[in-house]
Amino acid sequence: MIKGIGHAGILVSNLDEAVELYCDLFGLEPLTQVTDWPGEGMKNVLLKVGNQAFEVMEPTDPQGGLARFLERRGEGLHHLNLEVDDVDGLVKSLEAKGVVTLGRGPGFCFLHPKSTRGVLFELIQSAK
Amino acid sequence: MIKRIDHVSIAVKDLDEALGVFKAVFGLESVHQEEIPDQGVKAALIKVGDGEIELVEPIDPEGGVAKFIERRGEGIHHICLEVDNIDEELKSLEAKGVALIDKQPRRGLAGMIGFVHPKATKGVLVELAQKV
């Protein structure tokens, strides 16, 4: 079952600058410090938006998918994260329906945008 | 003050077909549909927990959503943040020199709304909405 919108992922070319801007414009506060994710080819900061968040990301691997996305489409909204109560169960049922999955790990899974009208969804096991 | 993510809006070419996809994939169904001529779209709201996913299909080929799809294809179009006071938010953004699409709040699907220009927000089209 889908429980709600967890966060919106935003891809930018300069993380510090974007974080400062969003905090200034919208009065948001960081939930995390700058965190490097070498496996994902990016660094990120989560900003608190009520009970949800913005995930602001900057590519760190110039050959990675995020860097290519940034080059192709420019800065902006990148993915939508949904909290679900049972990622593995949901993914199994989605795969049975022919939905293509990407970048799967413990407690999370990305769905290929070609299955979902161009939207990159990230499903994440809800902690709530 | 920003309260929460109210909805995320997805631009699609065919609303009925997209609703079918979201129902088949996620078991999510639309709770409301409406034409919004001044935004050049017809829209459907899908409840997701206490937030919503909005699907918008262009009905005006010259409108912003039609141009978005032409340029970038279907996908996430904007994010709407719920605020407690839309007048105050727009005024404070304007005072900071932020480019606004709407300097005055207007009626939208999510309440009294105003759009911030994506050039001011690193490419993110942000809608602010106060519930009415």
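Since we're looking at a predicted model, the values are computed, not measured.

Q: Help me out: how do you make sense of the overall build of chain A in this one?
A: Within chain A, the regular secondary structure consists of three helices and nine strands. Ordering the α and β elements of chain A from the N terminus gives β-α-β-β-β-β-α-β-α-β-β-β. The C-alpha atoms of chain A give a radius of gyration of 15 Å, which matches the 14 Å a tight globule of 128 residues would have. Counting only C-alpha atoms and orienting by the principal axes, one finds that chain A spans roughly 45 × 35 × 25 Å.

Q: Got a minute to help me understand the sheet that holds strand β2 (residues 30–36) of chain B in this structure?
A: Sheet strands pair by backbone hydrogen bonding; their relative direction is either parallel or antiparallel. Residues and elements named next belong to chain B. Read from one edge to the other, the open sheet built from eight strands follows the order β2-β3-β4-β1-β5-β8-β7-β6, with strand pairing classed as mixed. Two strands close off the open sheet at either side, each with one partner strand: β2 and β6 (106–108). For this sheet, the mean angle separating the axes of adjacent strands, direction not counted, is 35 degrees. Relative to strand β8 (residues 126–130), strand β7 (residues 111–116) runs antiparallel, the two sharing five bridges. Bridging from a neighbouring strand, Val116 pairs with Val126 of β8.

Q: Help me understand the interface of chain A and chain B in this model?
A: Accessible area lost upon the coming together of the parts serves often as the stated size of an interface. Chain A puts 33 residues into the contact, and the matching count from chain B is 33 residues. If you list the elements that add at least two residues to the side of chain A that touches chain B, you get β1 (2–11), α1 (15–26) and β6 (76–84) of chain A. Looking at the side of chain A that touches chain B element by element, the count peaks at six residues for β1(A). When its residues are assigned to classes, the side of chain A that touches chain B shows 18 nonpolar, 10 polar and five charged.

Q: In this structure, what is going on with the confidence of the model for chain B? I would like to understand it.
A: The predicted structure's coordinates, where accompanied by low pLDDT, should not be read in detail. Residues and elements named next belong to chain B. On average, residues of chain B score 95 in pLDDT, and 100% of them are at 70 or above. Element-level mean pLDDT values for chain B span from 92 in β6 up to 98 in β8. This prediction of the complex comes with two scores: 0.94 for pTM and 0.92 for ipTM.

Q: Can you help me understand the pairing of strand β8 (residues 108–111) of chain A in this one?
A: Successive residues of a regular strand alternate their side chains across the two faces of the sheet. Residue and element names in this part refer to chain A. Here β8 shows a clear split, with Cys109 and Leu111 buried on one side and none of Phe108 and Phe110 buried on the other. Pairing analysis gives three bridges linking strand β7 (residues 101–105) to β8, with the strands arranged antiparallel. Residue pairing in the sheet places Thr101 in a bridge with Leu111 of β8. Hairpin connection between β7 and β8: a loop of two residues separates the two successive antiparallel strands, and Gly107 in this loop has a positive phi of roughly 85 degrees. By the bridge criterion, four bridges tie β8 to strand β9 (residues 121–125) in an arrangement that is antiparallel. Paired with Cys109 across the two strands is Leu123, which belongs to β9.

Q: Help me out: how do you make sense of the nonpolar core in this one?
A: Val56(A) and Leu81(B) are the most contacted members of the largest nonpolar core, which totals 71 residues. Those residues in contact with Val56(A), other than ones at most four positions away along the chain, are Ile10(A), Val12(A), Leu15(A), Ala18(A), Val19(A), Tyr22(A), Asn44(A), Val45(A) and Leu47(A).

Conventions and cut-offs
- Per-chain numbering applies: the sequence of each chain, read as written, is numbered from 1 onward.
- Written order determines the labels here, with chains lettered from A and ligands numbered from 1.
- Where local features are concerned, this predicted model is filtered to residues with pLDDT of at least 70; where side-chain atom pairs are given and counted, the filter is 80 or more; whole-chain, interface and lining totals use all residues.
- Every helix listed is a DSSP run of H or I at least four residues long, and every strand listed is a run of E at least two residues long, numbered separately from the N terminus.
- A radius of gyration in this sense is built from C-alpha atoms; the matching globule rule multiplies 2.2 Å by the number of residues raised to 0.38.
- Note: two strands are recorded as paired if DSSP finds a minimum of 2 bridges between them.
- For helices, the fitted axis covers only the stretch in contact; all axes are lines through C-alpha atoms, and the angles between them, taken along N-to-C directions, range from 0 to 180 degrees.
- A pair of residues counts as a contact when their C-beta atoms, built from backbone coordinates, are within 7 Å of each other.
- Just so you know the grouping, Ala, Val, Leu, Ile, Met, Phe, Trp, Tyr, Cys and Pro go in nonpolar, Asp, Glu, Lys and Arg go in charged, and all remaining residues, Gly too, go in polar.
- For every residue, the predictor assigns a confidence score, pLDDT, that lies between 0 and 100.
- Burial is judged by counting the other C-beta atoms within 10 Å of a residue's own C-beta: 20 or more makes it buried, 12 or fewer makes it exposed, and any count in between marks it as partly exposed, with every C-beta position built from the backbone.
- Core membership is restricted to buried Ala, Val, Leu, Ile, Met, Phe, Trp, Tyr and Cys residues, and these are joined into a nonpolar core through C-beta atoms within 7 Å.

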